[in-house]
Amino acid sequence: MKSFALALSGGGARGLAAIAVLEVLDELGVKPRAIAGVSIGAVLGAACSAGMPAKAVRRAVLDIAHRRSQTLGKLMQVRATPFSKMFSSNLGNPMLLDAEKLAAAFLPDTIPDDFAALDVPLTVIATDLYGRHEVAFTTGPLRTAIAASMAIPGLLKPVEVGGRVLIDGGAVNPLPFEHLRGMADVVIAVDNTVGPSEARGIPQPWECLLATFQVMGHVIATEKLKHGAPDLILRQDMSLFRLLDFFQASSILRVAEQKKAEIREKILGVIGK
């Protein structure tokens, strides 16, 4: 078989569909030579790089989704603005979450604190807000890099690393397959940035902001592909789900499950049988 590297896109809750791809890889008994991920893709990529079986990733995600009250309680605890400061002069946003606290509260213990402890080389993408460019992490504190990579503006507080203010990597590179060129025989990219969406009328302001972020990611990924695509792109239509539909994880994974046979054949088609 040919060696392969794996790129995992952002896409919020839609990105959970990539778990089905990881399960197919486990069933085939093959592992990527290297992984690159952004936002939710960085989380799943870190789990895979750390040697966490895909079935265990599925169980961890479903545990968070099914324990709704407990999960909501944790979210209240990781707010960036404590209740005591909500009505202070700076009028802190009571809904803003602290990305680093969120990572500490929800990332599986299997994911180590440092890139050096991973079994498979991993690249995590974030965005330098003031530098206006992407930042690719491959060494150093892993959980901090993941927190930065998933810091969606307006929802999660930016993460400061080395004097740089970092936000969600999907703002500049929602499908980071180019970081894997030359690291394996073939590059496989899982793209769940956006799919066809049914018109639902005028959205609420917050929903409109998140949908706009998805549209931007889709446009960026489309332009990137014009200048050189990976050897295989796996797309799963998750248009039924919104960016923050994490409590719909069971439904997302059921939809993704239906494509596993097709995913298996496509992967075997590029790495050999």
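Before reading on, note that the structure itself is shown above.
Structural notes, computed from the coordinates.

Basis of the calculations
- Residues numbered from 1 in each chain as written.
- Predicted model: local features only at pLDDT ≥ 70, side-chain atom pairs only at ≥ 80, totals over all residues.
- Heavy atoms only, no water.
- Helix = DSSP H or I, 4+ residues; strand = E, 2+ residues; numbered from the N terminus.
- Buried < 20%, exposed > 50% of the residue type's maximum accessible area, 1.4 Å probe, protein only.
- Contact = heavy atoms within 4.5 Å.
- Areas by Shrake-Rupley, 256 points an atom, 1.4 Å probe, with all protein chains shown as cover.
- Lys, Arg positive; Asp, Glu negative; His and termini not counted.
- Charge placed at Lys NZ, Arg CZ, Asp CG, Glu CD.
- 1 Å grid on protein atoms, 1.4 Å probe; cavity = no way out; pocket = protein on both sides within 12 Å on 5 of 7 lines; lining within 4 Å.
- Points joined across faces, edges and corners; volume = space filled by probe spheres on them.
- Core = buried A, V, L, I, M, F, W, Y, C linked by side-chain atoms within 4.5 Å.
- Pairing = 2+ DSSP bridges.
- Patch = residues over 30% accessible without salt bridge, like charges linked within 9 Å, V, L, I, M, F, W, Y side chains within 5 Å.
- Salt bridge = Lys/Arg side-chain N within 4 Å of Asp/Glu carboxyl O.
- Phe/Tyr/Trp six-rings, centres within 6.5 Å; stacked < 30°, edge-to-face > 60°.
- Lys NZ or Arg CZ within 6 Å of the ring centre and 35° of its normal.

## Notes on the overall build of the protein
The number of helices and strands found in the protein is 9 helices and 10 strands. Dimensions of the protein, computed from C-alpha atoms along their principal axes, come out at roughly 65 × 45 × 35 Å. Buried positions account for 51% of the 273 residues belonging to the protein. Put simply, of all contacts in the protein between residues at least 6 apart along the chain, 78% involve residues at least 24 apart. Summed over all atoms, the accessible surface of the protein reaches about 13,100 Å², with 57% contributed by carbon and sulfur. Taking the 29 positively charged and 26 negatively charged side chains of the protein as two groups, their mean positions are separated by 3 Å.

## Here we look at empty space enclosed by the protein
A complete count under the given rule lists 1 cavity of 30 Å³ or more for this structure. Of the volumes computed, that of the largest cavity is approximately 130 Å³. What lines the largest cavity is a set of 13 residues, and nearest its centre among them are Gly10, Gly11, Gly170, Phe213 and Leu243. It is helix H7 (residues 205-226) that provides the largest number of residues to the lining of the largest cavity, a total of 3 residues.

## Quick word on the nonpolar core
Generally speaking, nonpolar side chains in soluble globular proteins are found buried as a group. Counting 77 residues, the largest nonpolar core has Leu142, Ile188 and Ile267 as the members making the most contacts within it. At 8 residues, helix H1 (residues 18-28) tops the list of elements feeding residues into this core. Ignoring any residue separated from it by four or fewer positions in sequence, one finds Ile188 in contact with Phe4, Ala5, Leu6, Ala7, Leu232, Leu234, Ile267, Val270 and Ile271. Membership of the second largest hydrophobic core comes to 12 residues, among which are Ala34, Ala36, Leu180 and Ala221.

## Quick notes on the pairing of strand S5 (residues 133-137)
The sheet contact formed by strand S4 (residues 122-128) and S5 spans 5 bridges and is antiparallel. Bridge pairing links Val124 to Phe137 in S5. Counted between consecutive antiparallel strands, the loop separating S4 from S5 contains 4 residues, among which Arg132 sits at a positive phi close to 60°.

## Considerations on a nonpolar patch on the surface
A cluster of nonpolar side chains, contributed by Trp206, Leu209, Leu244 and Phe246, occupies part of the molecular surface with about 330 Å² of accessible area. Tracing the sequence through the fold places Leu209 in helix H7. Residue Leu209 is classed as partly exposed on the basis of its relative accessible area, which comes to 42%.

## Some points on the packing of aromatic side chains
In total, this model carries 0 aromatic pairs according to the counting rule given. Taking NZ or CZ as reference, Arg68 lies 4.3 Å from the ring centre of Phe247, over its face. Geometry around Phe177 places Lys224 over its ring, the cationic atom sitting 4.5 Å from the centre.

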